[in-house]
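# Close look at the chain arrangement
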Amino acid sequence: MNTFKTDEIKDSTSFNKDIFIDRLFIIEPAGVPVPQSVLKALSEWEFSEIISEGTISLGNFAITANDETDMLESQESDSEEMVSSSVKRSLEDAAKSRSLENSEKARLAAVQNVYNEYMNYINYVYTRYATHREINQSQLSDTVKDLCVFIKENRRYVLRITPSAEARSKNFLVTHSMRSAVLAITIGLQLHMSLSKLIELGMTTMLHEIGMIRLPPQLYLTDKQLSQSERAQIATHPVIGFEIVKELQFPLTIQLGVLEHHEKENGSGYPRHLTGEKISVYAKIIAVACSFEAITAPRVYKTERSTFDAMVEMLKNENHQYDETVIKALLYSLSLFPIGAYVYLINGKIGQVTDVNPDNPKNPLVQLLREKESDGTPKTVQTNDTDKKIVRVLSRQELDDVMKSLAAINNQKKQSIPTVN
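These notes cover the structure that comes with them. (Residues numbered from 1 in each chain as written. Predicted model: local features only at pLDDT ≥ 70, side-chain atom pairs only at ≥ 80, totals over all residues. Heavy atoms only, no water.)

### Details of the packing of helix α11 (residues 281-296) against helix α13 (residues 324-334)
Put simply, the rule reads: Interaxial angles span 0 to 180 degrees and are taken between N-to-C directions of axes, which are lines fitted to C-alpha atoms, for helices over the stretch in contact. Labels follow the DSSP assignment, with helices taken as runs of H or I lasting at least four residues and strands as runs of E lasting at least two, numbered in each case from the N terminus. Here is the rule for angles: anything less than 35 degrees is roughly parallel, anything more than 145 is roughly antiparallel, 65 through 115 is roughly perpendicular, and the remaining ranges are oblique. The handedness criterion is simple: a crossing whose near helix is rotated anticlockwise from the far helix by less than a right angle is left-handed, and one whose near helix is rotated clockwise is right-handed. The contact criterion used throughout is that any non-hydrogen atoms of two residues lie within 4.5 Å. Three classes are used: nonpolar for Ala, Val, Leu, Ile, Met, Phe, Trp, Tyr, Cys and Pro, charged for Asp, Glu, Lys and Arg, and polar for all others, with Gly counted as polar.
For the pair α11 and α13, the least separation of the axes is 9 Å and the interaxial angle reads 50°. The angle between the axes of α11 and α13 places the two elements in the oblique class. Considering only the axes of α11 and α13, their crossing is right-handed. The residues of α13 that touch α11, namely those facing K284, I285, V288 and F292, are V326, I327, L330 and L334. In the contact of α11 with α13, the residues fall into seven nonpolar, no polar and one charged.

### Focus: the sheet that holds strand β7 (residues 365-372)
Quick reminder of the rule: Pairing between two strands requires that DSSP report at least two bridges joining them.
Spatial ordering of the open sheet is given by β8-β7-β6-β5-β9, a layout of five strands whose pairing is antiparallel. In this open sheet, the two edge strands, each paired with only one partner strand, are β8 (378-382) and β9 (390-393). Shown here is a sheet whose adjacent strand axes are inclined to one another by a mean of 45°, direction ignored. When strand β5 (residues 342-345) meets β9, the two strands line up antiparallel, connected through three bridges. Counted as the bridge partner of Y344 is R392 from β9.

### Points about the pattern of salt bridges
Selection rule: Every case where a carboxyl oxygen of Asp or Glu lies within 4 Å of a side-chain nitrogen of Lys or Arg is listed as a salt bridge.
What the rule picks out here adds up to 11 salt bridges. A salt bridge links E371 to K349; its shortest N-O distance comes to 3.2 Å. In this pair, E371 sits in strand β7 while K349 sits in the loop between β5 and β6 (350-355), placing the two residues 22 residues apart along the sequence. For the salt bridge of E371 with K379, the shortest nitrogen-to-oxygen distance reads 4.0 Å. Among the charged side chains, a network of salt bridges with common partners joins E265, K284 and D323.

### Some points on helix α10 (residues 252-260)
Definition in use: Relative accessible area decides the class of each residue, using a 1.4 Å probe on protein chains only: under 20% of the type maximum gives buried, over 50% gives exposed, and in between gives partly exposed.
All buried positions along α10 are accounted for by I254, Q255, G257, V258, L259 and E260. Its buried side turned inward, α10 meets α7 (195-207), α9 (237-247) and α11.

### Thoughts on the packing of α11 against helix α12 (residues 307-316)
Contact geometry of α11 with α12 gives a least axis separation of 8 Å together with a crossing angle of 140°. Classified by the angle between their axes, α11 and α12 sit oblique to one another. Pair α11 / α12 crosses with right-handed handedness. Residue-level contacts link V288, S291, F292, I295 and T296 of α11 to T307, A310, M311, E313 and M314 of α12.

### Remarks on the pairing of β5
On any regular strand, side chains alternate: one points to one face of the sheet, the next to the other face. The pairing of β5 with β6 spans three bridges and is antiparallel. Bridge pairing links V343 to G351 in β6. Once β5 ends, the chain turns through four residues before running back antiparallel as β6, passing G348 with a positive phi of about 90°.

### Some points on the packing of aromatic side chains
Put simply, the test is: Aromatic pairs are defined between Phe, Tyr and Trp rings, using the six-membered ring for Trp, whenever the two ring centres lie within 6.5 Å; interplanar angles under 30 degrees are classed as stacked, those over 60 as edge-to-face, and all others as tilted.
Per the counting criterion, the structure on display carries one aromatic pair. Considering the side-chain rings of F308 and F337, the 4.9 Å spacing of their centres and the 5° angle between planes classify their relative orientation as stacked. In this pair, F308 is assigned in helix α12 and F337 in the loop between α13 and β5, connecting sequence segments 29 residues apart. Owing to a relative accessible area of 21%, F308 belongs among the partly exposed residues under this scheme.

### Quick notes on the environment of I244
Tracing the backbone through its elements, the reader meets I244 in helix α9. By relative accessible area, which is 2% here, I244 ends up buried. For I244, the residues in contact, after removing those within four places along its chain, are W45, Y129, I210, G211 and R214.

### Observations concerning unusual backbone geometry
Going from Y270 to P271, the amide bond is cis rather than trans, its omega being 10°. Within the fold, P271 resides in the loop between α10 and α11. One non-glycine residue with positive phi stands out, namely N317, at about 45°. Relative to the elements of secondary structure, N317 occurs in the loop between α12 and α13. Here the phi dihedral of R370 falls at roughly 65°; this positive angle occurs in a residue that is not glycine. Here R370 lies in strand β7.

### Here we look at the nonpolar core
Stated formally: Buried Ala, Val, Leu, Ile, Met, Phe, Trp, Tyr and Cys residues form a nonpolar core when they are joined through side-chain atoms within 4.5 Å.
Counting 104 residues, the largest nonpolar core has L140, V158 and F250 as its most contacted members. No other element matches the 13 residues that helix α3 (residues 104-132) contributes to this core. Apart from the residues within four sequence positions on either side, L140 is in contact with Y121, I135, M203, M206, L207 and F250.

### Some remarks on the side chain of S180
Just so we agree on the cut-off: Whenever a nitrogen or oxygen atom comes within 3.5 Å of another N or O atom, the pair is scored as a polar contact, on the condition that within protein one atom can donate a hydrogen and the other can accept it, and that pairs from neighbouring residues in sequence are kept only if both atoms are in side chains.
For S180, the location among the structural elements is in helix α6 (residues 172-190). At 2.8 Å, the side chain of S180 and the backbone oxygen of H176 are in polar contact. With residues near it in sequence (within four places) discarded, S180 still touches T205, H208, A289, C290 and E293.

### Quick notes on the environment of P364
In this fold, P364 is placed in the loop between β6 and β7. For the pair P364 and N384, spaced 20 residues apart in sequence, the C-alpha to C-alpha distance is 8.3 Å. With residues near it in sequence (within four places) discarded, P364 still touches S335, F337, V353, D355, V356, N357, V381, Q382, T383 and I390.

### Looking at helix α4 (residues 137-158)
Condition: An expected span of 1.5 Å times one less than the residue number is assigned to each helix. Working definition for bend: take the seven residues up to and ending at a residue and the seven starting at it, fit an axis to each, and measure the angle between the axes.
Here α4 spans only 25 Å end to end across 22 residues, well under the 32 Å set by a 1.5 Å rise per residue. At K152, α4 is bent by approximately 65°, the largest bend along its length. All of the buried residues in α4 are Q139, L140, T143, V144, L147, C148, F150, I151, N154, Y157 and V158. Where α4 starts, the residue carrying a side-chain oxygen 3.3 Å from the main-chain nitrogen of S138 turns out to be N136.

Right under this line is the structure:
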């Protein structure tokens, strides 16, 4: 990866490879000249360097101011349309998979594809603001609306998706915002929020870390312990984010959600040390979703913990940091052994939690590994407190061993299938 000083890049310079800000956000794709407006924005935002796997293109050509404006408007419009269309297509594919009642594997793959497209969309939103100080509020609202409907129809599948450690480290803000948005919307559904409020909640959660892009990435991507002054810098991101969404004239409810998502019920949060009812509803939900996600996420400075560990920690609610109603909604949305967790049953069987039991969050539905019903579908059992009791969740090493064993068995089956000449 090559580094270039932004103050040394001339107007309309292009590169033969995509150019990025700190490996996270693309500025311009390969071959597209960097306009003066972007260079000015980079300077104002104090980005002193950009990076690219390529070099400055030798094929630069002179264009007039009007040509530049037309080209940029066309490029931006095309880019926006491509992102939106890609999300729509993935949603349509997932709907077809659902209506055709395809296999569990196909359904999960379709949901994973939608999830990935929304990750791309959030990356686009953050990048767009980083380089142009713009967010298309109408498009964001429509896109989140589709996500709310999608989560409602596919909750037990989308909650089983866990981005890899590599994906999280490369796109920290994007993966955190996406996972937090899924959890927040899931909680909102459990609280029977109206669609309009769910959309605002989803928009707020997607944007709750937008202020971080004004901070040096080494502050939140480092594996070193931060100094007191560095921690103080990190603590400014809710205020910066608030100023961003306020300037862009987002609704006050969204502004407050972004500003207050690190406030705690007991007043120990920041930036204003609010307590209880003084904290906005969206912020209360995001605080729980954000914290649950952070506990389970791998970071460069810590190892992720299981979703069961995260749920137990949230339920303890030490020093009454979180709203009890929101925590209860999280529990009844995911169960004590959250959807996606691999568990060991008292009868010696292993399975994955696939859905909640609305009558008892301690006993979710579990899909048993390597067991099928008579029609060939995966076998699912309702756990209980007796013969199908969940003993514990599998450790990371145990899960890795189980997955390797299943992969080996599948390979043996494939090799044993006779070929037709």
